[in-house]
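These are the residues of each chain, in order.
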Amino acid sequence: MKVMDEHPHDAVDVIEDISQDVKLTFSEEKQNFLRDFPSTTAAELLAEKQRLLFSRPEEDEQEEQLMETLYPNVREVGFYLEQAGVGLGREEMQRIFLALKQLVESQALLGCRLWGKILGTESSYIVAEAQYIEGEEEEEKNAEEVAEKEEEREAQAKENEMYPLPQSTYKPPPAVPKEALGTGANKFVYYVCKEPGHSWVKLPSVSPAQITVARLIYKFFTGRLDHQIVSYPPFPGNEANYLRAQIARISAGTQVSPKGFFRIREEEGDEEDEVVQDSSEVNPDFEGIPVFEMASLSTWVHHIQYILQQGRCTWVNLAGKTGEDSNEEGEAEEKEEPDEPEPEVGPRLLDPLSKDSEMFNVPSWSSMVSSTLTFQHAVAVQRSNRWPGAYAYACGKKFENIYVGWGLKYAGEGYSPPVPPLPQKEYASDRKEIAEALDPSLEEEQELKEALDEQRAVQEEMEDIDDEDDED
């Protein structure tokens, strides 16, 4: 516009100056050609945390104490798992070994083992299994006492209301008591972390109600322990409780060992001549089983107690509790005593895998050998089809169990909703008086009309004849 209005003599130079000014306006913000300092990535933060795993203790006394602690030989386990075609890789197994070492040092554990890895939608869980140490039960008892006190305060606040609401007379069935730490489903203590180098978190003990509901729902893990489980029936707890319930279920169904490695530890019960067989111990006389024999399911046994439908490993009679509650209330009416329920009995400890039933026409276990050419160096492997991701291997006197999966049980083929039923008939089809007739066609209507006209004509002729006879 400037060139057209002013008509300068050096129009070309003026256009060149305008073009240069326009180019400078676009390049003013990019005068600094130095790169910005890159922000720290998540991989670098994780590497900084894992760098502490490779640091050695400075004090010699601490090294002597660590030598006395039984650490799991995760590298050896990883080697045998590689022979079996499963595992997490050498690099990750080495980092997990150092993370387990850090866990033992920080929690003063007698020993621990790698239980496995449970995958999640956002992050995964590395699970470590440790022996129960006496004295840990006091912390959980204190937490339960605090919860009970809060419930009592809420009940007292409701009673002190000016206009109390009508109270329901419904009495829920008695809750199944939780098994004590160190027994049953709470025999071991479990710690989880998202990545080697992250802090370990101790999972709470599991209750029968949590195991019962976990059997009825099918939920993926997110990787956040405080995540609320939204399901029906409602789950009593968050993802940490759900994770602990699934670990108990997987351990009870997939923790196996060669036959003869463990033996029953017989303990005397409350009644005379009663022997309780709910625990096992290592058999020092075990000499190992050849690999070609370990390919059979009859040479493998379950060394973890089965979880009953009640949600416990040992059955408890709840009928006595209901009777005690009724006596405390002082009911005057005499009621008939209910029949004693039959104790629930599950599979015995150290039962062979050959007794496991099929599920959806699929066997519970699949057997394999790492090499069919050199049995003396091969590894026998058992893979669980009921809990995909659970494996067990055995080689000589050594064996191990590991789980790497989503923490979900095999549910058969994909779910397809059933076809809705046919609509119900309004009336019975055999009743002719209410049966619907078809609409006649035009030809049929004309024929019917002609027939009716003929009948009327005949009737009129008959009436005329009758009238003439009457007149005569």
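Structure shown above.
So, here is what we can say about the structure in this document. What you see as residue numbers is a count from 1 along each chain, following the sequence as written. The predicted nature of this model means local features are confined to residues of pLDDT at least 70 and side-chain atom pairs, given and counted, to a pLDDT of 80 or more, with totals for whole chains, interfaces and linings taken over all residues. Side-chain numbers come from the whole structure's heavy atoms, not from hydrogens or water.

**Things to note about the pattern of salt bridges**
Phase 1 of the analysis: Should a side-chain nitrogen of Lys or Arg be within 4 Å of a carboxyl oxygen of Asp or Glu, the pair is scored as a salt bridge. Under the defined criterion, the tally for this structure stands at 12 salt bridges.
Phase 2 of the analysis: Here Arg 51 makes a salt bridge to Glu 48, at a shortest N to O gap of 3.3 Å. Of the two residues, Arg 51 and Glu 48 both sit in helix 3 (residues 42-51), three residues apart, roughly one turn of that helix.
Phase 3 of the analysis: When its relative accessible area of 54% is taken as the criterion, Arg 51 is described as exposed.
Phase 4 of the analysis: Overlapping salt bridges, with partners in common, bring together Arg 113, Glu 129 and Glu 400 in one network. By definition, any uninterrupted DSSP run of H or I lasting at least four residues is a helix, any uninterrupted run of E lasting at least two residues is a strand, and each is numbered from the N terminus. Buried means the residue's accessible area, taken with a 1.4 Å probe over protein chains only, is under 20% of the maximum for its type, while exposed means over 50%, and partly exposed covers the values in between.

**A look at the sheet that holds strand 11 (residues 365-369)**
Within a beta sheet, neighbouring strands are joined by backbone hydrogen bonds and run either parallel or antiparallel to one another.
Phase 1 of the analysis: Strand order across the open sheet formed by eight strands is 4-3-2-1-14-13-12-11, with mixed pairing between neighbours. Two strands bound the open sheet, and with one partner strand each, they are strand 4 (201-202) and strand 11.
Phase 2 of the analysis: Only strands that DSSP links by at least two bridges are regarded as paired with each other. Bridge count between strand 13 (residues 390-395) and strand 14 (residues 398-405): six bridges; the pairing is antiparallel. Bridge pairing links Ala 392 to Asn 401 in strand 14.

**Structural notes on the nonpolar core**
Phase 1 of the analysis: Ranked by internal contacts, the top residues of the largest apolar core, which has 33 residues, are Trp 115, Leu 203, Tyr 242, Leu 243 and Ile 247.
Phase 2 of the analysis: For this core, the secondary-structure elements that each account for two or more residues are strand 1 (112-118), strand 2 (125-131), strand 3 (188-193), helix 8 (208-214) and helix 9 (239-254).
Phase 3 of the analysis: Ranked by residue count, the leading element in this core is helix 9, at eight residues.
Phase 4 of the analysis: By size, the runner-up hydrophobic cluster in this structure holds 31 residues, among which are Tyr 80, Leu 100, Leu 103 and Ala 130. For this analysis, a nonpolar core means a set of buried residues of the types Ala, Val, Leu, Ile, Met, Phe, Trp, Tyr and Cys, connected via side-chain atoms within 4.5 Å.

**Some words on unusual backbone geometry**
Phase 1 of the analysis: Following Tyr 232, the chain continues to Pro 233 via a peptide bond in cis, the omega torsion being 0°.
Phase 2 of the analysis: Within the element layout of this structure, Pro 233 appears in the loop between helix 8 and helix 9.
Phase 3 of the analysis: Its identity as a non-glycine residue notwithstanding, Ala 108 has a phi of 55°, on the positive side.
Phase 4 of the analysis: Examined against the element boundaries, Ala 108 turns out to sit in the loop between helix 6 (90-107) and strand 1.
Phase 5 of the analysis: For Asn 361, which is not glycine, the phi dihedral falls at a positive 60°.

**Remarks on the environment of Ala 108**
Phase 1 of the analysis: Of the residues examined, Ala 108 reaches a relative accessible area of 57% and is grouped as exposed.
Phase 2 of the analysis: On a C-alpha basis, the gap between Ala 108 and Ile 133 in space is 9.7 Å, while along the polypeptide they are 25 residues apart.
Phase 3 of the analysis: Residue contacts follow a heavy-atom distance rule, with two residues in contact if any of their heavy atoms lie within 4.5 Å. Discounting residues that sit within four places of it in the chain, Ala 108 has contacts with Leu 103 and Ile 133.

Remember that the coordinates give geometry; whether it matters functionally is a separate question.
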